[in-house]
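# Report on the structure
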Amino acid sequence: MAVSGKMASFRLPPLPTIGEIIKLYNLRAQKQLSQNFLLDLRLTDKIIRQAGNLRNACVCEVGPGPGGLTRSILNAGAADLLVVEKDSRFIPGLQLLSEAAPGRVRIVHGDVLAFGMSTAFPAHTAKRWEDEPPDLHIIGNLPFSVSTPLIIKWLEEMADRSGPFVYGRTRLTLTFQKEVAERLTASTGSRQRSRLSVMAQYLSTVNNCFTIPGRAFVPKPDVDVGVVHFTPLVKPHIQQPFKLVEKVVRNVFQFRRKHCYKGLEMLFPESQRLGMTEELLRRADVDPTLRPADISISQFRALADSYSRLCRANHTLFSYDFREELRQKRQRHRQTKRERR
Ligand SMILES: C[S@@+](CC[C@H](N)C(=O)[O-])C[C@H]1O[C@@H](n2cnc3c(N)ncnc32)[C@H](O)[C@@H]1O
């Protein structure tokens, strides 16, 4: 009983509904900012339950908009909530919420893609902590337009282990288009397995918690939405620079229906392709006839390690970009055609 009494003090006082906030501030949704709002607070509470215990936690919410999810975060007891919103029209409504939860809300008007999580949460970024900081939760009903570049950026920070994206400090609960959520969590051998599945699972434990039908949003998007929970791995598989691993994975999935040999070949300049690809597969002990979707995380790790060793032995390799080679080839081809005419 004492616990529920204490929790009650976290709860927000009565406020206008989200629908009323939208009307009051004339917040017509803008398509270019992927604005699809959740007005049903039972649904936002359900998303927040996936994040775990938010009592006294630090939270960063991406794209609070009219503030439905924000209210659920505050009602769950977050002590320090930082919201990052690009559209200035939402700021007055967010200020209203901030007044209803004094000292618990920080508002940043800006683009989350340019936002430095380490600067905003220095206690979670410090190499050694004087006092154990409370959990940091990153939560957002993400705008579709930025969700993939954003998760790639954060995975890269997980790989660095320099910022707060480390096991035991941070957890992420985010929404994605349903198909992207399925890709993020697709296991080895699954049809949805992609570059995104491998990179996310290389660095974190990923769970596709539940699907929200498109009709739950206002305005209704053309797609359904998946709620995905990420926990950074205690010991990430990553040993090589993120960009190198990503390059190997991207090349392999470039030809997703072919044997992996085809994509791996493209890591090397044409003149060295045959010998180098065979050497890479031999060193990594990976079967060249495997399809990209059937390669496990540990096999990708072996491929990245072997590619890194080959790069070190021949330091021109890593900067090699087969797409540039392709572009030049096409250009030469067009030139020859023009000359023939
Ligand atoms: C899908 S809506 C979610 C709004 C609200 N959280 C909800 O659940 O109803 C996405 C929100 O992200 C904001 N947004 C879009 N691009 C952004 C960016 N690059 N940085 C920060 N916020 C962004 C939009 O203005 C919008 O408020």
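Residues numbered from 1 in each chain as written. Predicted model: local features only at pLDDT ≥ 70, side-chain atom pairs only at ≥ 80, totals over all residues. Heavy atoms only, no water.

## Things to note about the packing of helix H9 (residues 178-185) against helix H10 (residues 195-203)
Put simply, the rule reads: Lines fitted to C-alpha atoms define the axes, with helix axes restricted to the stretch in contact, and inter-axis angles between N-to-C directions lie between 0 and 180 degrees. Numbering goes from the N terminus for both helices and strands, where a helix is a DSSP run of H or I of at least four residues and a strand is a run of E of at least two. Between 65 and 115 degrees an angle is taken as roughly perpendicular, under 35 as roughly parallel, over 145 as roughly antiparallel, and anywhere else as oblique. Crossings are assigned a handedness: left-handed for a near helix turned anticlockwise from the far helix by less than a right angle, right-handed for a clockwise turn. Any two residues whose heavy atoms approach within 4.5 Å are treated as being in contact. Classes in brief: Ala, Val, Leu, Ile, Met, Phe, Trp, Tyr, Cys and Pro nonpolar; Asp, Glu, Lys and Arg charged; the others, Gly included, polar.
With their axes 6 Å apart at the nearest point, H9 and H10 run at an angle of 55 degrees to one another. Taken as axis vectors, H9 and H10 run oblique relative to one another. Here H9 runs over H10; the crossing is right-handed. Facing H9, whose interface residues are Val180, Arg183, Leu184 and Thr185, H10 presents Leu196, Ser197, Ala200 and Gln201. Classifying every residue of the contact of H9 with H10 by side-chain character gives four nonpolar, three polar and one charged.

## Things to note about the packing of aromatic side chains
How we decide: Stacked, tilted and edge-to-face pairs are distinguished by plane angle, under 30 degrees for stacked and over 60 for edge-to-face with tilted covering the rest, among Phe, Tyr and Trp rings (Trp via its six-membered ring) whose centres lie within 6.5 Å. Under the scheme applied here, a residue whose accessible area is under 20% of the maximum for its type counts as buried, over 50% as exposed, and between as partly exposed, the area being computed with a 1.4 Å probe on protein chains only. Over a ring means this: the NZ of a Lys or the CZ of an Arg is within 6 Å of the ring centre and within 35 degrees of the ring normal.
Counting across every chain of the model gives five aromatic pairs. Ring geometry for Phe268 and Tyr307: centres 5.8 Å apart, planes at 70 degrees, overall edge-to-face. Of this pair, Phe268 sits in the loop between helix H12 (260-265) and helix H13 (273-284) while Tyr307 sits in helix H14 (residues 297-313), placing them 39 residues apart in sequence. Phe268 sits in the buried class, given a relative accessible area of 0%. Its guanidinium or amino end placed over the ring of Phe121, Arg106 lies 5.4 Å from that ring's centre, counting from NZ or CZ.

## A closer look at the UniProt feature "binding site: S-adenosyl-L-methionine" (unreviewed entry) in the protein chain
To keep things clear, this is the line we draw: UniProt positions are given in the numbering used here, feature names are shortened, and annotations may be inferred rather than shown by experiment. Side-chain atoms alone can form a polar contact between residues adjacent in sequence; in general such a contact is a pair of N or O atoms within 3.5 Å, and within protein one must be able to donate a hydrogen while the other accepts it.
In this numbering, the UniProt entry assigns the feature "binding site: S-adenosyl-L-methionine" (unreviewed entry) to Asn36, Leu38, Gly63, Glu85, Asp111 and Asn141. With respect to the secondary-structure elements, Gly63 resides in the loop between strand S2 (58-62) and helix H4 (68-75). If we ignore the near neighbours within four places in the chain, the residues touching Gly63 are Val84, Glu85 and Asn141. As for its position among the elements, Glu85 is in strand S3 (residues 80-85). Those residues in contact with Glu85, other than ones at most four positions away along the chain, are Gly63, Pro64, Gly65, Phe90, Leu94, Val108, His109 and Gly110. A polar side-chain atom of Glu85 sits 2.9 Å from the main-chain amide nitrogen of Gly65.

## Looking at the pattern of salt bridges
Selection rule: The term salt bridge refers to a pairing of a side-chain nitrogen on Lys or Arg with a carboxyl oxygen on Asp or Glu at a separation within 4 Å.
The final tally for this structure, using the stated rule, is 12 salt bridges. The residue Asp40 makes a salt bridge to Arg42 at a minimum N-O spacing of 3.3 Å. Between Asp80 and Arg106 there is a salt bridge, with its nearest N and O atoms 3.0 Å apart. Taken together, the positions of Asp80 in strand S3 and Arg106 in strand S4 (residues 105-109) put the pair 26 residues apart, joining distant regions of the chain. Judged by its relative accessible area of 21%, Asp80 is partly exposed. Look at Arg106 and you get partly exposed, because its relative accessible area is 33%.

## A word on the domain arrangement of the protein chain
Short version of the rule: Segmentation of the chain into domains, including their bounds, is taken from an automatic or database domain assignment. By convention, the term buried area covers the 1.4 Å-probe accessible surface removed from two parts as they join, with the contributions of both added.
Each assigned domain of the protein chain is listed with its residue range as follows: domain 1 (18-232) and domain 2 (242-327). Spacing between the C-alpha centres of domain 1 and domain 2 amounts to 34 Å. At the interface, 16 residues of domain 1 touch 16 residues of domain 2. Taking both partners together, domain 1 and domain 2 bury about 1,400 Å²; carbon and sulfur atoms supply 69% of that area. Ranking the residues of domain 1 by area buried against domain 2 places Arg193, Arg195 and Tyr202 at the top, with a combined share of 42%.

## Some details on a positive patch on the surface
Using the following cut-off: Each patch is built from salt-bridge-free residues with over 30% relative accessible area, joining like charges within 9 Å and nonpolar side chains (Val, Leu, Ile, Met, Phe, Trp, Tyr) within 5 Å. With residues, only the protein chains shown are counted as cover, and all accessible areas are computed by Shrake-Rupley using a 1.4 Å probe. By the counting rule applied here, Lys and Arg register as positive and Asp and Glu as negative, while His and the ends of each chain are not counted. Charged side chains are reduced to one point each, which is NZ for Lys, CZ for Arg, CG for Asp and CD for Glu.
Together, Arg330, Arg334, Lys337, Arg338 and Arg341 give the surface a local cluster of positive charge. Within the secondary structure layout, Lys337 lies in helix H15 (residues 322-340).

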